[in-house]
Every structure is written in structure tokens, then in C-alpha cells.
Amino acid sequence: MQAPTLLEPVQVHINLAERSYPICIGAGLLGAASTYQHLPPASTALIVSNTTVAPLYAAQLQAALQARYSKVLLITLPDGEAHKDWPTLQLIFDALLGNGCDRKTVLFALGGGVVGDMTGFAAASYMRGVPFVQVPTTLLAQVDSSVGGKTAINHPLGKNMIGAFYQPQLVVCDLDALKTLPPRELSAGLAEIIKYGPIADMPFLDWIESSLDALVARDPVALAHAVQRSCEIKAWVVGQDERETGVRAILNFGHTFGHAIESGLGYGQWLHGEGVGCGMVMAAHLSQRLGLVEKSFVERLAQLVARAGLPVKGPILAVQDNAGRYLELMRIDKKSEAGEIRFVLIDGPGRAVVRAAPDALVREVIDACCA
Ligand code: NAD
Ligand code: GLY
């Protein structure tokens, strides 16, 4: 695959008729007033961030937005997946109502996927819907969660179980923000980038393999290409199936096992990207046992996931009947139908399929893949 050599700002478009919007990718975008010049007019902007990201980037964003809004408010949420819940969501509504925000108020999600998903859900429901902008500051959020309009909070019984489809007006991927990201979070983002290869684009997988060292070293040109290509693939899928009635489900490759790990261990123990990385390897093993891919493909994927600094062995979730516990957790999945788990599997390199698998085979995979 031809990779770019210069770091020029680019735009990727999500085409969804009247809900279409651009994803702007580049360095130094977050603090530039011109980034926001085409947003709908309003008197008030509310930046939603968290205790880690706000001290790093809120002042820049606030200064840029002051050129456009007479009131720029900031709410700082507690940080972490464990806070992707009702009480934290309520803090956003408290800020909106407490400040007399009207239905034109624009919400800005400044942070990773947790802030983005919660801000999007708040925007979807405040006064039955106000505009919002995603300003993702993690690699994972830039390549996946800020794009496509899935918003949600967790329930103790299941991940992202309460939410809405609600598209932002604009996504601003500022590559400079990735400079302060902890290495473990960078690896988590690499999981979602790797995901796009096996499900849709094998040349991109080849490129990731050959560019992994550059990505881990945060080479800006490599990161720019990874974010752009990931967003292009996601835009192509979401443009065909906004509300996941069909093809969009392939974007959940690795997520069925991964969500079980996240909720089974307690939210925040494993990062979302770590669950996805390991979950992709488990789903690839299942694909192989169903005769859909060669063993060599599973080994290739596992090797790449490990090189990205991600776990390839699942954790033990129960001392007795570990596989039974995984199965129990995986049944609480939005893809399940009438209690039957539906997995995203690889049906030959570069092609995904969504289908059920016999419990006995799934148990074999879990037993072989957990340590
Ligand atoms: P996160 O939001 O918890 O962010 C990871 C950590 O990095 C946090 O501690 C955060 O404060 C910190 N951080 C963020 N930006 C930083 C920066 N620039 N410098 C330093 N620290 C920074 O996690 P995430 O991986 O971004 O997102 C995971 C969430 O996204 C999960 O809840 C997952 O369910 C969701 N998700 C949603 C979608 C979707 O389509 N809506 C897709 C994938 C994942
Ligand atoms: N991250 C999966 C999706 O957006 O559909």
C-alpha cells in the first residue's frame, strides 16, 4: 500500500444524507479557531472532558471556541471506564441545566472514547437532541469511537447496553494530542487499527505489519496514515449501515470476547483495546475451528497483536467453569438473538461474517486461549 510521506491535514467524509459530517485529521487542529468555523451558530458551547485530559487540552480548545461562542463552559468528569455510568452522565445534564443551556448549545467531547460516548449520549437526549462535536484525544477514539455515532454508557450487567445512535456535526482528530498518550493507551488504539485489516483490507494489514515500529514510536506520518485509513474504512461501513442492521456488525470483530473480558473482570481492569486485541485472536481461533481460515492466518494475527503490546491470552474469569462464565457474559451482547451468541468471524483474509457457533467449539477455544 502507498503510504503518504508528508503530514498534510486531510478530511474524510461520513456520508449519511442530512447527517453527513467531516472528520478532520491533522496536527494542531484542536486549538485553531478555523477548525470550528462551519458549526451551527449558538451562544453557548459546553466542553465535556475529564480530570486527565482537561488540564492538558481544555484551555486550547476554550480559547479557540471563544472566537465563535459568547459563553464557553467546561465540565470535568472523573476519569475511567468505571465512570461510564448514570451518575457521571447526570453530571453533564446538571451542568447543562444549571447553566441554563438552550437547545442550540453545542457539546464538545474532549477526551477518549469514554468521554466521547457519554457526551454523545448526553447530546442525543438533552432537550431531545443538541449538536455535538467529537474532539478525540486517544488513538482508539480517533480511529474508531468518535466516528459513526454510537453513544452509550455501561450497565453492570453489560457493556454499552444503554445508548443511542446519534451523529456528531464534526470530528477533529488532532494528531498532536497523541504525544501525551500513555504507551498502554497507544497499544489499545492499535488494536482497533489492526481490526480493520482482517475484516476489510488486507493491504492495510500488510502496511500495519511493516509500519508497527513506526506507529509504536509515534511517527507522525505513520500515525496520520493509520488514522486516515481507519476512518476511511469505518466511513465506508457506516455509510452503508448506520444503525447496524447488517454489515456494520463486522466492526465488532474481537468485541464479543473482549466485552466479556471487560465486564467479567470489572470495567477498567483491562482496557477496551486490550479486550479487543485478545478477543480478535480468540475469534480468529474460532474461525479456524469452523474451517473458515488457515492456522497460519491465526498465527499471523496473534503475532501482530502481541507485537502491538496487547494480550493474546484471555484472563480466567471463573475458577470453576471458566468457559461457562465467558458464555454467560457473551450472551449479554447486542448481537445476540434469542439468547444465541453471534460472533464476528474471519471468513478468509479480508472478509468477515457474523454467525453463531456451537457452544462446544466456543468452549474449546476459550479453554485453549485462556491462561
Ligand atoms: P478512555 O476514554 O478511557 O481514555 C483512555 C485514557 O487515556 C483515559 O485515562 C484518558 O483520560 C486518557 N487520555 C485521553 N487522551 C489523552 C491524551 N491525549 N493524553 C493523555 N491521556 C489521555 O479510553 P479509550 O480507549 O479512548 O476509549 C474506550 C471507550 O470507547 C470504551 O468505553 C469503549 O466502549 C468505547 N468505544 C466506543 C466505540 C463507538 O463506536 N462509540 C468504539 C470503540 C470503543
Ligand atoms: N466500534 C463499532 C462500531 O462503531 O460499529
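The structure contained in this document is the topic of the report that follows. Predicted model only: the values in this text are computed from it and were never measured. (Residues numbered from 1 in each chain as written. Chains lettered and ligands numbered in written order. Predicted model: local features only at pLDDT ≥ 70, side-chain atom pairs only at ≥ 80, totals over all residues. Heavy atoms only, no water.)

Concerning the pattern of salt bridges
Short version of the rule: By definition, a salt bridge exists where a carboxyl oxygen of Asp or Glu is found within 4 Å of a side-chain nitrogen of Lys or Arg. The helix count covers DSSP runs of H or I at least four residues long, the strand count covers runs of E at least two residues long, and both are numbered beginning at the N terminus. The buried label applies to any residue whose accessible area, calculated with a 1.4 Å probe on protein chains only, is under 20% of its type's maximum; exposed applies above 50%, and partly exposed to all values in between.
By the definition in use, this model includes 24 salt bridges. Among the salt bridges present, the one from Arg19 reaches Glu242, with a minimum N-O distance of 2.6 Å. Remark: Glu242 occurs in the loop between α7 (220–240) and α8 (255–265) and Arg19 occurs in the loop between β1 (10–14) and β2 (21–26); sequence separation between them is 223 residues. Put simply, Lys179 and Asp176 hold a salt bridge, and the shortest N to O gap is 3.3 Å. Residue classification places Lys179 among the exposed positions, given a relative accessible area of 63%. On the accessibility criterion, Asp176 (30% relative accessible area) is partly exposed. Here the residues in one salt-bridge network are Asp144, Glu192, Lys195 and Lys234, joined through shared partners.

A few points about the site of ligand 1
Rules: We call a residue near a molecule or strand as soon as one heavy atom of that residue lies within 4 Å of the molecule or strand. Pairs of N or O atoms are called polar contacts if they sit within 3.5 Å, as long as, within protein, a hydrogen donor faces a hydrogen acceptor (for residues adjacent in sequence, only side-chain-to-side-chain pairs). All accessibility values rest on the Shrake-Rupley procedure with a 1.4 Å probe; residue burial counts only the protein chains present in the view. Under the convention adopted here, Pro, Cys and the residues Ala, Val, Leu, Ile, Met, Phe, Trp and Tyr are nonpolar, Asp, Glu, Lys and Arg are charged, and Gly plus all remaining residues are polar.
The environment of ligand 1 is made up of 28 residues, and the closest members are Asp79, Lys84, Thr137, Thr138 and Thr180. Here Asp79 contributes a side-chain N or O atom positioned 2.7 Å from an oxygen atom of ligand 1. Considering ligand 1 on its own, with 860 Å² of exposed area, one finds that the protein chains cover 92% of that surface. Breaking the shell around ligand 1 down by element, the ones donating at least two residues are α1 (54–65), α3 (113–125), α4 (139–145), β8 (158–165) and α5 (183–200). Looking at the shell around ligand 1 residue by residue, the class counts come to 8 nonpolar, 10 polar and 10 charged.

Focus: the sheet that holds strand β6 (residues 132–136)
Sheet strands pair via backbone hydrogen bonds, and the direction of the pair is either parallel or antiparallel. What counts, and what does not: Between any two strands, at least two bridges found by DSSP are needed for them to pair. Whenever a helix is involved, its axis is fitted only over the stretch in contact; in every case the axis is a line through C-alpha atoms, and angles between N-to-C directions fall within 0 to 180 degrees. Contact definition: two residues touch when any of their heavy atoms are within 4.5 Å.
Read across the sheet, 7 strands follow the order β1-β2-β9-β6-β5-β3-β4 without closing on themselves; strand pairing throughout is mixed. Strands at the two margins of the open sheet, each flanked by one partner only, are β1 and β4 (71–77). Sheet twist, expressed as the mean angle between neighbouring strand axes with direction ignored, is 20°. Along the sheet, helix α2 (residues 86–98) contacts β3 (44–50), β4 and β5 (106–111); its crossing angle with β4, the most-contacted strand, is approximately 160°. Strand contacts of α3: β3, β4, β5 and β6, with the helix running at about 165° to β5, the strand carrying the most contacts.

Looking at a nonpolar patch on the surface
Going by this rule: What goes into a patch is any residue over 30% in relative accessible area without a salt bridge, connected to like charges within 9 Å or, for nonpolar side chains (Val, Leu, Ile, Met, Phe, Trp, Tyr), within 5 Å.
On the surface, a nonpolar cluster with roughly 260 Å² of combined accessible area is contributed by Leu157, Met161 and Ile332. Looking at where Leu157 falls in the secondary structure, it is placed in the loop between β7 (150–155) and β8. For Leu157, a relative accessible area of 57% corresponds to the exposed category.

A few points about the pairing of β4
Consecutive side chains along a regular strand alternate between the two faces of the sheet. Condition: The path from the first strand over the helix to the second decides the hand: if it runs clockwise while the strands point away from the viewer, the crossover is right-handed.
Where β3 meets β4, 7 bridges bridge the pair, whose relative direction is parallel. For Leu46, the partnering residue across the bridge sits in β4 and is Leu73. With α1 bridging β3 and the parallel β4, this β-α-β connection has right-handed handedness.

Section: the site of ligand 2
Around ligand 2, the neighbouring residues are Asp144, Lys150, Lys234, Glu244, Arg248, Leu251 and Asn252. A distance of 3.1 Å separates a nitrogen atom of ligand 2 from a polar atom in the side chain of Asp144. Arg248 places a polar side-chain atom, nitrogen or oxygen, 2.7 Å from an oxygen atom of ligand 2. Its residues placed into classes, the shell around ligand 2 shows 1 nonpolar, 1 polar and 5 charged.

Brief notes about the pairing of β2
Counting buried positions along β2 gives 5 out of 6 residues, so the element sits mostly inside the fold. In this structure, β2 lies alongside strand β9 (residues 170–174), joined through 4 bridges in parallel fashion. Bridged to Gly26 within β9 is Asp174.

Here we look at the packing of helix α11 (residues 322–331) against helix α12 (residues 359–369)
Applied cut-off: Should the near helix be turned anticlockwise from the far one by less than a right angle, the crossing is termed left-handed; should it be turned clockwise, right-handed.
Contact geometry of α11 with α12 gives a least axis separation of 9 Å together with a crossing angle of 115°. As α11 packs across α12, the resulting crossing turns out to be right-handed. Contacts from Asn322, Ala323, Gly324, Tyr326, Leu327, Met330 and Arg331 in α11 reach Asp359, Val362, Arg363, Ile366 and Asp367 in α12. Here the contact of α11 with α12 is composed, by residue class, of 6 nonpolar, 2 polar and 4 charged.

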